[in-house]
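What the coordinates show
The primary structure of each chain is shown beneath.
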Amino acid sequence: MSAPIIWIAIPFAVGFFLLFFLHKRLSPLIGGAVAAILSLTALIFPIDTALLLGAISIKISASIQFFGRSFALNTADGPLIAIVYGLAALWFFGTETSGTANRFVALGLMIVSLLTASIAVEPFLFAALLLDMAAILAIPLLVPIYQKPGRGIIRFLTYQTLAMPFILFSGWMLAGVESSPGAISATVQAGTILGLGFAFLVGIFPFYNWIPMLMEEAAPYASGFLLWALPTFTVIFALGFLDRYVWLRTSPQLSNAIQYAGIFMVASGGLFASQQKHIGRIMGYAAITETGLLVLAMGGRSAEIVNTVFLLLIPRGLELAVWALALSILKRRAYSLRFGEVKGLARKYPIAVSALILAHLSMTGFPLLAGFPPRLALWQELAGQPIYMSFWVFFGLLGLLVALARTLAVFVMAEENTGWAWNETWAQSVMLGLGALGLFVLGIFPQILQPLIVNLPALFNHLGL
Amino acid sequence: MILDIISWAAVGIILATSTAIFINRDWRISLGALTVQYIAAFWLVTRHMPFVMGSVKLITGWMIVAALGITRLGLPAAEDQQGNAFLPRGQWFRLMLILLVALVTVGVTPRIESAIPGLGWQVIAGSLLLIGTGLIHLGMTSDTLNAILGLLTTLTGFEILYAAVESSILVTGLLAVTNLGLGIVGSYLLLAGSAAAEAEEER
């Protein structure tokens, strides 16, 4: 069997089956189990390498042909697939406890398989189409049939769709630039169009306004999943561009532009987060800040780009999952998630509030939590850059810390003589507890990620050399 | 020569239909114009692509119109488009915007033709008109149906141009799926809005 069938076709088919045929209560278990099995398979069986199991020789071939083009997942993709499906399993197992619509798992599996296809398709440029299809598939996930779609949803759909033509066309232009590198105007045009495409796709200022809107309008768990899945693959896609085109990789102007975009996202995300009175929107801005850090890491000219980016990506999945799950639990009690409604909830939902605070602390880069080691690596990178860059990153993270202080103050603002209660279910407590434990484990022992990320630079032939 | 004349006619149709979609508030006229627009786009696409692959775009487009039309037909009349109250909504203002797009198209088309020779003036003009009107449409509305129409118009414009430089079957297929997905999601969002309104009325 070939790798694209195992990690693209099978999860897509399972998702489709879950969507239309299976009992809804079983879907989180089945979807989660499938994602976990796919993750373990990627971890155990190297792609395109014969493996002897007793007398049986197993080999997963790397590619298949589809309409004249190939989808290929190579040996180097194995750890990445394991990480992605592992984190997806985490999200799917948490669905039941979050109370999110049951089609979340089915659509989630289909989205992850499409996103996996985006790293497999050759020419890699066509990934823009698959990313757009994943975004389109996410719409029913975000808008239940009984809810009027808000402006955030429309903007999300618009920006994600507009990104695709820009990227496809810039890819065609870049091929021309490669053959005549001296053509300055063509280079500038291609770079501008590419930049616009990724600005739409990643949600770079000012195109990130849909994120806080979405966090206000849609279910936090579904939105959180999207804020994890889409930027993860978009960043890998962007790294593919940097890896593929020499002038993109070597252009100091482009590198500066990427870094400025990242810094602006970090600083503005932190600043806006500190001004919010809605805990969902705060999560949205925190995700923007985190994406800004990713963009900033991509703009670095050091040999550690890939390592730093993946070091940021893995804890992000866990932080967002814990945060979104906690928000979903609180949303059942305080539907609007505004400060006025969540006041004093620390005494009624101590575990959800603690998990939310821990995830928020982790995103600000608090020591001993999952977000700290990658930020430390990023600070190290920034040490070699002008001081104002470090200042603005510090400013953004400080903004997140201010938002955290305000959130915490509201959560503990209970009326006098209010007793402590435990309103989370056992399942919710266990899931949140495991997530919080994971945040500590990744923070205290970041080396456990080493086996997963050590081979990831091999995904890119030229980056970091 | 005849082909060129037909192509210019297609550009004219594109200008007329995109203006109709942008100016009109009646969804029936908008969807009717979109149907005709897909025929003109099909013609321009087939200037650089085989007839069969071009017809994929036409059929997909018509399927989208059918999906949106059937969905919209089942919704109450009160669901009519609500534009963004912040922006001017008069027809003359919109007509001026279309004129602006047309002027930009006239100015930019020769430059693109000289930068990428062989595309053909008609293909570039048709494509730019659609992209331009689609984008201003998107910028002026927060209504679901109009936003979807704006996106479809922009994508059609891009597809005309992209067909001239990339004729892969996979890309054609994926673009068709993306367009169809947009149409289906548009129908879903229209239904979702209407279900919410019905629930509110029942209360």
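Residues numbered from 1 in each chain as written. Chains lettered and ligands numbered in written order. Predicted model: local features only at pLDDT ≥ 70, side-chain atom pairs only at ≥ 80, totals over all residues. Heavy atoms only, no water.

A short note on the overall build of chain A
Heads up, the condition is: The helix count covers DSSP runs of H or I at least four residues long, the strand count covers runs of E at least two residues long, and both are numbered beginning at the N terminus. It is over C-alpha atoms that the radius of gyration is taken, and the globule rule equals 2.2 Å times the number of residues to the power 0.38. For each residue, the accessible area found with a 1.4 Å probe, counting protein chains only, is set against the maximum for its type, and the residue is called buried under 20%, exposed over 50%, and partly exposed in between. Charged-residue counts in this description rest on Lys and Arg as positive and Asp and Glu as negative, His and the chain ends being excluded. By convention, the charge on Lys lies at NZ, on Arg at CZ, on Asp at CG and on Glu at CD.
For chain A, the helix and strand inventory stands at 20 helices and 5 strands. Relative to the 2.2 N^0.38 estimate, which gives 23 Å for 465 residues, the radius of gyration of chain A is 21 Å and therefore close to what a compact globule would have. If one aligns the C-alpha atoms of chain A with their principal axes, the spans along those axes are about 75 × 60 × 45 Å. For chain A, buried positions account for 60% of its 465 residues. Separation of charge centres in chain A, based on 23 positive and 17 negative side chains, amounts to 9 Å.

Details of the domain arrangement of chain A
Residue and element names in this part refer to chain A. As a reminder of what qualifies: Each domain's limits were defined by an automated method or a database of domain assignments. By the convention used here, residues are in contact when the closest approach between their heavy atoms is within 4.5 Å. What counts as buried area is the accessible surface, traced by a 1.4 Å probe, that two parts surrender upon association, with contributions from both included. Should a side-chain nitrogen of Lys or Arg be within 4 Å of a carboxyl oxygen of Asp or Glu, the pair is scored as a salt bridge. The term polar contact refers here to a pair of N or O atoms within 3.5 Å; inside protein, the definition further demands a hydrogen-donor-capable atom paired with an acceptor-capable atom, and it admits residues adjacent in sequence only when both atoms are side-chain atoms.
For chain A, the assigned domains are domain 1 (1–122) and domain 2 (123–459). Domain 1 and domain 2 are separated by 23 Å when their C-alpha centres are compared. Across the contact, 37 residues belong to domain 1 and 43 residues belong to domain 2. Carbon and sulfur atoms supply 82% of the area that domain 1 and domain 2 bury against each other, a total of about 3,500 Å² over both sides. Taken as a group, Trp91, Thr97 and Leu115 account for 22% of the area that domain 1 buries against domain 2, more than any other trio of residues on that side. Applying the counting rule to domain 1 against domain 2 returns 0 salt bridges. Counting the contacts that link domain 1 with domain 2 gives 4 residue pairs in polar contact (both at pLDDT 80 or more). Mapped by element, the contributors of at least two residues to the side of domain 1 that touches domain 2 are strand 4 (69–72), helix 3 (77–93), helix 4 (95–98), helix 5 (103–120) and strand 5 (121–122). When residues in the side of domain 1 that touches domain 2 are grouped by element, the largest group, 13 residues, is from helix 5.

Structural notes on the nonpolar core
The line we're drawing: For the purposes of this section, nonpolar cores are sets of buried Ala, Val, Leu, Ile, Met, Phe, Trp, Tyr and Cys residues that join through side-chain atoms within 4.5 Å.
Ranked by size, the top nonpolar core spans 222 residues in total, and within it Trp7, Trp91, Leu239, Phe241, Phe310, Leu330 and Phe411 of chain A carry the most contacts. Sort the elements by how many residues they give to this core and helix 14 (residues 305–333) of chain A lands first, with 19 residues. When residues of this core are assigned to domains, at least three fall in each of domain 1 (1–122) and domain 2 (123–459) of chain A. Sequence-distant contacts of Trp7 of chain A, defined by excluding residues within four places in its chain, comprise Leu38, Thr41, Ala42, Ile47, Ile60, Leu73, Ile81, Tyr85, Ser113 and Thr116 of chain A. Among the nonpolar cores identified, the runner-up in size contains 17 residues, and Leu44, Val45, Ala125 and Leu129 of chain B belong to it.

Focus: the pattern of salt bridges
Scanning all chains against the criterion turns up 8 salt bridges over all chains. Note that Asp4 of chain B and Arg47 of chain B form a salt bridge whose closest N and O atoms lie 3.7 Å from each other. With Asp4 of chain B in helix 1 (residues 2–23) and Arg47 of chain B in the loop between helix 2 (27–45) and helix 3 (51–73), this residue pair connects regions lying 43 residues apart in the sequence. For Asp4 of chain B, a relative accessible area of 33% puts it in the partly exposed group. In this structure, Asp26 of chain B and Arg28 of chain B form a salt bridge, with 3.2 Å as the shortest nitrogen-oxygen distance. When salt bridges that share partners are traced, they join Glu216, Arg281 and Arg338 of chain A into one network.

Digging into the environment of Val402 of chain A
Along the polypeptide, Val402 of chain A turns up in helix 18 (residues 387–411). Expressed as a C-alpha distance, the spacing of Val402 of chain A and Gln275 of chain A, which sit 127 residues apart in the sequence, is 8.7 Å.

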